[in-house]
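A look at the structure
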Amino acid sequence: MNNHIIETTNLHKSFRKKHVLKGVDLQIPRGSVVGLLGKNGAGKTTLIKCILGLLRLSDGKAVILNEDPWDLSAKAKEKLGFVPQELELQPWMKVRQIVDYTASFYPHWNMDLADRLLAEWELDETDAVGILSVGQKQKLGIILALGHEPELLILDEPVASLDPIGRRSFLKTILDITSNRECTVLFSTHITSDLERVADRVAILKDGKIIFHDELDNMKDSVKRLEITSNNPLPISMGIPGTLREEISGNEAVVSVKDLDESVLEETRKRFDAEILVRDVNLEEIFLELHHA
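Turning next to the overall build of the protein. Along the backbone of the protein there are 10 helices and 13 strands. With the principal axes as the frame, the protein shows a C-alpha extent of 75 × 40 × 35 Å. Sequence-distant contacts, at least 24 apart, represent 65% of the contacts inside the protein between residues at least 6 apart. Roughly 14900 Å² of accessible area belongs to the protein as shown, and the carbon and sulfur atoms make up 47% of that amount. Across the protein, the centroid of the 36 positively charged side chains sits 5 Å from that of the 47 negatively charged ones.

Quick look at the structure:
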């Protein structure tokens, strides 16, 4: 069996003259929790819809659960859970009715899990869906996506409408359901602090392509910030290999570098007669630096 539950190769998607995805190559291992990062308008939602077969590819290839997403079998769909950015739920149905209605479509449904989450997230099962707040609807959508215990869970900005308490509870739930590594999760977000709590891998989408995809720890190890103090005025550019961004003022410089080599660091010290402090950076800072590059 292919170890990649999702795989795209040179995936392109255009809308008339607008070329949104420009050759996306992405492989997501089974059992991983992958955070998809990108600025607003980067194409995260478009990529997710292509992966799910909700949009037809303009070019390239996508495989999900070993099948073509545009022609997914009923068996594959039973293994999928999806929460879109904007939920469309029947407003006239009560919370309990819509849970029972959704459960009827699946041969396996964990009602104990659904009921527990309804209670934990304080959703009144007698309320009509139409009167729920945006955040409450998002919680309900997550429950509907989790009830059949999917093999693959895909979420598009799943916590955008949740308050901090709701976000923390949701993230705990994600950690609980993925602890045995039987569920793979792909979720897009712009909240890097949430991603750091649950994801073990990060993919960054920029200019229609994946510019970085690796384990979260590897990403943090790969980008460093150099604080440089020289005994002499520094040039306009330091010329350090792997530079993402540099700020230079007189004898001082701050340089963000990807894949820093120890020999390059020592050579830079000697070349500029400088002291160099190497600092770690968090995920949000790395995201910003990679978008400056």
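Relative to strand β9 (residues 209–215), strand β8 (residues 201–206) is paired through 6 bridges, and the arrangement is antiparallel. By the bridge assignment for β9, A203 is matched with H213.

Here we take up the sheet that holds strand β13 (residues 274–280). Sheet architecture is open: 4 strands sit in the order β11-β12-β10-β13, paired in antiparallel fashion. Pairing within the sheet leaves two strands with one partner each, and these edge strands are β11 (243–249) and β13. Averaged over all adjacent pairs, the angle separating strand axes in this sheet is 15 degrees, with direction ignored. Pairing analysis gives 7 bridges linking strand β10 (residues 223–230) to strand β12 (residues 252–258), with the strands arranged antiparallel. Along β12, the bridge assignment pairs E227 with V254.

Tracing the backbone shows D25 in strand β2 (residues 18–29). Residue classification places D25 among the partly exposed positions, given a relative accessible area of 48%. Sequence separation between D25 and C183 is 158 residues; the distance between their C-alpha atoms is 22 Å. For D25, the residues in contact, after removing those within four places along its chain, are T8, T9, N10 and I210.

For the rest of this paragraph, the subject is the sheet that holds β8. Spatial ordering of the open sheet is given by β5-β6-β7-β3-β8-β9, a layout of 6 strands whose pairing is mixed. Edge strands, defined here as strands with exactly one partner in the open sheet, are β5 (80–83) and β9. Ignoring strand direction, the axes of neighbouring strands in this sheet form an average angle of 15 degrees. Pairing of β5 with strand β6 (residues 152–156), which is carried by 4 bridges, proceeds in the parallel orientation. Of the residues in β6, the one forming a bridge with L80 is L152. Helix α1 (residues 44–52) contacts β3 (33–37), β5, β6, β7 (184–189) and β8 of the sheet and is inclined by roughly 150 degrees relative to β6. The strands touched by helix α5 (residues 134–146) are β5 and β6; relative to β5, the strand with the most contacts, the crossing angle is about 170 degrees.

A word on unusual backbone geometry. Even without being glycine, R16 reaches a positive phi, approximately 55 degrees. By the element assignment, R16 lies in the loop between β1 (4–15) and β2.

This structure, assessed with the given rule, holds 2 aromatic pairs. The lysine or arginine in question, K13, covers the ring of F15, its NZ or CZ lying 5.1 Å from the ring centre.

Okay, the pattern of salt bridges next. All chains considered together, the criterion is met by 15 salt bridges. Between E285 and R225 there is a salt bridge whose closest N-O contact spans 3.4 Å. Note that E285 is positioned in helix α10 (residues 283–292) and R225 in strand β10, a separation of 60 residues in sequence. One salt bridge in this structure joins E289 and R245, with 2.7 Å as the shortest N-O distance. Within this pair, whereas E289 is found in helix α10, its partner R245 is found in strand β11, the two being separated by 44 residues in sequence. Judged by its relative accessible area of 2%, E289 is buried. Each of the salt bridges in this network shares a partner with another, and the network as a whole consists of R225, R245, E247, E285 and E289.

Here is what the cut-offs are and how they apply
Throughout, residues of each chain are indexed from 1 in the direction in which the sequence is written. Local features in a predicted model are, by the rule used here, given only for residues with pLDDT of at least 70; side-chain atom pairs are given and counted only at 80 or more, and totals for whole chains, interfaces and linings are based on all residues. As a rule here, side-chain values cover all heavy atoms of the structure and leave hydrogens and water aside. We count a stretch as a helix when DSSP gives it H or I for four or more residues in a row; a strand needs E for two or more, and each element gets its number in order from the N terminus. The contact rule is simple, with two residues in contact once any of their heavy atoms fall within 4.5 Å. Areas reported as accessible are Shrake-Rupley estimates using a 1.4 Å probe. Residue values count occlusion only from the protein chains shown. Counted as positive: Lys and Arg. Counted as negative: Asp and Glu, with His and the chain ends omitted from the count. A charge is said to be at NZ when it belongs to Lys, at CZ for Arg, at CG for Asp and at CD for Glu. Only when DSSP finds a minimum of two bridges between them are two strands counted as paired. Here an axis means a line fitted to C-alpha atoms, over the contact stretch when the element is a helix, while the angle between two N-to-C directions is reported on a 0 to 180 degree scale. Relative accessibility thresholds used throughout: buried, under 20% of the residue-type maximum; exposed, over 50%; partly exposed, between the two (1.4 Å probe, protein chains only). Here the aromatic set is Phe, Tyr and Trp, taking the six-membered ring for Trp, and pairing holds for ring centres within 6.5 Å; pairs whose planes are under 30 degrees apart are stacked, those over 60 apart are edge-to-face, and all others are tilted. Here, a charge over a ring is recorded when the distance from Lys NZ or Arg CZ to the ring centre is within 6 Å and its angle to the ring normal is within 35 degrees. Salt bridges are counted wherever a side-chain nitrogen of Lys or Arg sits within 4 Å of a carboxyl oxygen of Asp or Glu.

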